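# Observations on chain architecture
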Amino acid sequence: MGDVSLTLKQGGTMTPLRKKFIEHMVLRNLAPSTQTVYVECLAALAKFYGLSPDKINNDQIQAYLIHLISERKLSWSTGNIAFSAFRLFYQQILKRDASTFSLPSRKRQSRLPEILSPQEVKRLIDAAGNQKHRTLLLTTYLAGLRANEVVHLKVEDVDSERMTIRVQQGKGNKDRYTLLLPELLEALRIYWKTYRPSPWLFPAQGTNQSLTASAALQIFKRAQKKAGLSKGQGIHTLRHCFATHLLEEENIDLHRLQRLMGHATLRSTSRYLHLTRKGLTSVGGSLGQPYRANAV
């Protein structure tokens with residue numbers, strides 16, 4: 001049957017097919033998390049057909065992509081990850097024409113994220129189960145971090161002299177610096193005295209590894225439920241709140257906010273202008289004037 005799972009080992013060694021795929025992804029400088037997901041996508045495809053990946057033809061790949069979207073009802077984004085993994089593997093590793101299987105382009109959506117008020121953010125953070133979880137959520141919010149960024153922070157990334165936090169290899173494999181507010185520094189110092197983490201700021205319990213992004217998401221969801229909040233789709237909500245609250249309360253310059261957020265383009269940052277209360281309440285004053293009670 002061959003290397004059906006793509007993760008199995010033969011005689012205690014990595015199979016040649018998997019080894020070649022991983023080496024190619026390393027040379028392309030793909031993030032370790034991306035490498036893991038791509039291997040898992042190929043393994044799922046192989047398991048679905050009960051065949052080694054190199055024995056699966058392009059029509060079968062296309063049928064599997066349709067199965068993911070139409071039968072399993074997975075999101076377009078999830079389907080696109082699988083498609084990207086297949087395209088890389090079959091086109092670059094097996095030198096096969098990948099153009100015979102495809103995934104239609106996603107319809108553009110213009111949904112804006114839900115934003116919590118500063119008071120709601122505090123309620124959520126206070127509802128977290130323990131000091132470690134509260135500090136993780138507070139750090140995510142006050143530093144404007146992505147889930148994968150906050151769980152991969154190291155103690156040495158917190159610079160109390162310069163009042164900055166270094167984000168190493170964030171999205172797009174880019175380093176950047178973000179704010180270290182006095183309130184966050186105080187919370188981190190209290191947390192460190194209690195847990196003494198090293199080298200990861202938020203290690204997984206009982207291991208020398210960092211927490212995973214999925215674990216951070218569960219921490220958020222539990223706190224959200226306990227706080228009785230329905231707004232917000234995940235821990236990324238705190239990052240949206242960071243940007244929106246800075247624009248509302250601090251009138252921060254968009255270019256500076258772009259650097260703090262680690263956005264490649266100003267367009268990504270400018271969408272937060274649509275989320276601010278000022279953007280909604282600073283106009284329309286004269287429009288409703290005739291309808292005011294004292295206008296008659």
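To keep things clear, this report deals only with the structure shown in the data block.

The rules we used
- Residues numbered from 1 in each chain as written.
- Predicted model: local features only at pLDDT ≥ 70, side-chain atom pairs only at ≥ 80, totals over all residues.
- Heavy atoms only, no water.
- Axes fitted to C-alpha atoms, helices over the stretch in contact; angles between N-to-C directions.
- Helix = DSSP H or I, 4+ residues; strand = E, 2+ residues; numbered from the N terminus.
- Parallel < 35°, antiparallel > 145°, perpendicular 65-115°, else oblique.
- Contact = heavy atoms within 4.5 Å.
- Nonpolar A, V, L, I, M, F, W, Y, C, P; charged D, E, K, R; others polar.
- Phe/Tyr/Trp six-rings, centres within 6.5 Å; stacked < 30°, edge-to-face > 60°.
- Buried < 20%, exposed > 50% of the residue type's maximum accessible area, 1.4 Å probe, protein only.

### Side note on the packing of helix 5 (residues 118-126) against helix 6 (residues 131-143)
The contact between helix 5 and helix 6 brings their axes to 8 Å, and the two run at 150 degrees. By the criterion of interaxial angle, the relationship of helix 5 to helix 6 is roughly antiparallel. Counting all contacts with helix 5, which are made through Val121, Leu124, Ile125 and Asp126, the residues of helix 6 involved are Arg134, Leu137, Leu138 and Tyr141. A per-class count over the contact of helix 5 with helix 6 returns six nonpolar, no polar and two charged.

### What about the packing of helix 2 (residues 32-49) against helix 4 (residues 76-93)?
Where helix 2 meets helix 4, the closest approach of the two axes is 9 Å, and the angle between their N-to-C directions is 85 degrees. Taken together, the axes of helix 2 and helix 4 lie roughly perpendicular to each other. Side by side, helix 2 and helix 4 meet where Val37, Tyr38, Cys41, Leu42 and Leu45 of the first sit next to Ile81, Ala82, Ser84, Ala85, Phe86, Leu88, Phe89 and Tyr90 of the second. Each residue belonging to the contact of helix 2 with helix 4 can be placed in one class, and the counts come to twelve nonpolar, one polar and no charged.

### Some details on the packing of aromatic side chains
In this structure the tally under the stated criterion is nine aromatic pairs. Here Tyr64 and Phe86 contribute two aromatic rings whose centre-to-centre distance is 6.0 Å and whose plane-to-plane angle is 55 degrees, an arrangement assigned as tilted. Of this pair, Tyr64 sits in helix 3 (residues 58-71) while Phe86 sits in helix 4, and the two are 22 residues apart along the sequence. Phe86 carries the same exposure label as Tyr64, and that label is buried.

### Topic: unusual backbone geometry
Trans is the prevailing form of peptide bonds, just as negative phi is the prevailing case for residues other than glycine. Residue Pro199 is bonded to the preceding Ser198 through a cis peptide linkage, with omega at -10 degrees. Mapped onto the elements, Pro199 comes out in the loop between helix 8 (182-195) and helix 9 (213-227). Of note in the backbone geometry, Lys73 takes a positive phi value of approximately 60 degrees without being a glycine. One can find Lys73 in the loop between helix 3 and helix 4. The residue Lys95 is not glycine, and still its phi comes out positive at about 55 degrees. Considering the arrangement of structural elements, one finds Lys95 in the loop between helix 4 and helix 5.

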